[in-house]
Amino acid sequence: MKAMLYADWMNLRRSMKAMVIATVVIALASIVSGNGLSFVPAMLCMLSLMVPATLMSSDYAYGWDKLSLSLPVSRRDVVSSKFAISLLVNLTVVALGMICIAGMNAFGGDAMAEDMMGMLACEAVGLTLMGIEIILVLRFGPERGRYFLIGVVWVPILLLTVVKKHPAFGKLVQAVGGMDSWPVGQLAAFFGGLVIVGAIVYAVCWRIGVGIYRKREL
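All values derive from a computational prediction rather than experimental measurement. (Residues numbered from 1 in each chain as written. Predicted model: local features only at pLDDT ≥ 70, side-chain atom pairs only at ≥ 80, totals over all residues. Heavy atoms only, no water.)

> Would you take a moment to explain the overall build of the chain for this structure?
Within the chain one finds nine helices and zero strands. Tracing the chain from N to C terminus, the helices and strands come up as α-α-α-α-α-α-α-α-α. Burial analysis of the chain (218 residues in total) assigns 35% to the buried set. In the chain, 77% of the contacts between residues at least 6 apart in sequence involve partners at least 24 apart. (Helix = DSSP H or I, 4+ residues; strand = E, 2+ residues; numbered from the N terminus. Buried < 20%, exposed > 50% of the residue type's maximum accessible area, 1.4 Å probe, protein only. Contact = heavy atoms within 4.5 Å.)

What follows is the structure, given as structure tokens:
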């Protein structure tokens, strides 16, 4: 397992430069547009979605997915390494995002609680999408898996566009809007619960991914 973690980390290091550049470009664009750095933490969290696709695309490109099984490691270890590295990068990015939020509010910001809740919501979504992404790539390969992931993200958005005129949607918007009056403790519990749900989904995706990879013929 340690060997797989090390190999995946060395593989990911080659793509870290692109992620850093993307982060800098997003930050500069936000500052130039007059929005400051308010949405950079959330964007950092969502950028962590690049990690699973990057790891697994490189494996497929260089044939490492096949060569790794010639080592004294199990298929469970191969999949677990992908999930562990992706989660490590994601948690690191979330920690950096929260530090960024705290720093912004220390220098004149006044929406720390709101920004933190938004960060937790992004983390819940990020964990869910990362788990689904890895499963799709394991099942369909990196190219087709990406297309399916686009469907996973955009189909709900399109459905939301279709149903937004329904009366029930208006009631839902009012209910969500009422969250502004919730105390901070209640908001923290709600968004913390979302993160827990995202973590559970991620763990379930890991289990499914192990099952897929065990049955796969390389």
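> Teacher, can you tell me more about helix 9 (residues 184-215) here?
Residues separated by three or four positions in an α-helix point in the same direction, a consequence of the helix having 3.6 residues per turn. Here helix 9 is 32 residues long and its end C-alpha atoms lie 47 Å apart, about the 46 Å a rise of 1.5 Å per residue gives. Residues Leu187, Phe191, Val195, Gly198, Tyr202, Cys205, Gly209, Val210, Ile212 and Tyr213 constitute the buried set of helix 9. (Expected span 1.5 Å × (residues − 1).)

> How do you make sense of a nonpolar patch on the surface when you look at a structure like this?
A cluster of nonpolar side chains, contributed by Ile196, Ile200, Val204 and Ile208, occupies part of the molecular surface with about 360 Å² of accessible area. Examined against the element boundaries, valine 204 turns out to sit in helix 9. Classification of valine 204 by relative accessible area gives partly exposed; the value is 43%. (Patch = residues over 30% accessible without salt bridge, like charges linked within 9 Å, V, L, I, M, F, W, Y side chains within 5 Å. Areas by Shrake-Rupley, 256 points an atom, 1.4 Å probe, with all protein chains shown as cover. Salt bridge = Lys/Arg side-chain N within 4 Å of Asp/Glu carboxyl O.)

> Please explain the packing of aromatic side chains as it appears in this structure.
How two aromatic rings sit relative to each other is given by the distance of their centres and the angle of their planes. Summed over all chains, the structure comprises two aromatic pairs. Geometrically, the ring pair formed by phenylalanine 83 and tyrosine 202 is edge-to-face, given 5.1 Å between the ring centres and 70° between the ring planes. With a gap of 119 residues between them, phenylalanine 83 in helix 5 (residues 75-106) and tyrosine 202 in helix 9 connect regions that are remote in the sequence. One exposure class covers both phenylalanine 83 and tyrosine 202, and it is buried. Ring geometry for phenylalanine 190 and phenylalanine 191: centres 5.2 Å apart, planes at 80°, overall edge-to-face. Above the plane of the ring of tyrosine 213 lies arginine 75, whose end atom (NZ or CZ) is 5.7 Å from the centre. The aromatic ring of phenylalanine 140 is capped on one face by arginine 139, whose charged end is 5.1 Å from the ring centroid. (Phe/Tyr/Trp six-rings, centres within 6.5 Å; stacked < 30°, edge-to-face > 60°. Lys NZ or Arg CZ within 6 Å of the ring centre and 35° of its normal.)

Function cannot be inferred from these measures alone, as they are strictly geometric.
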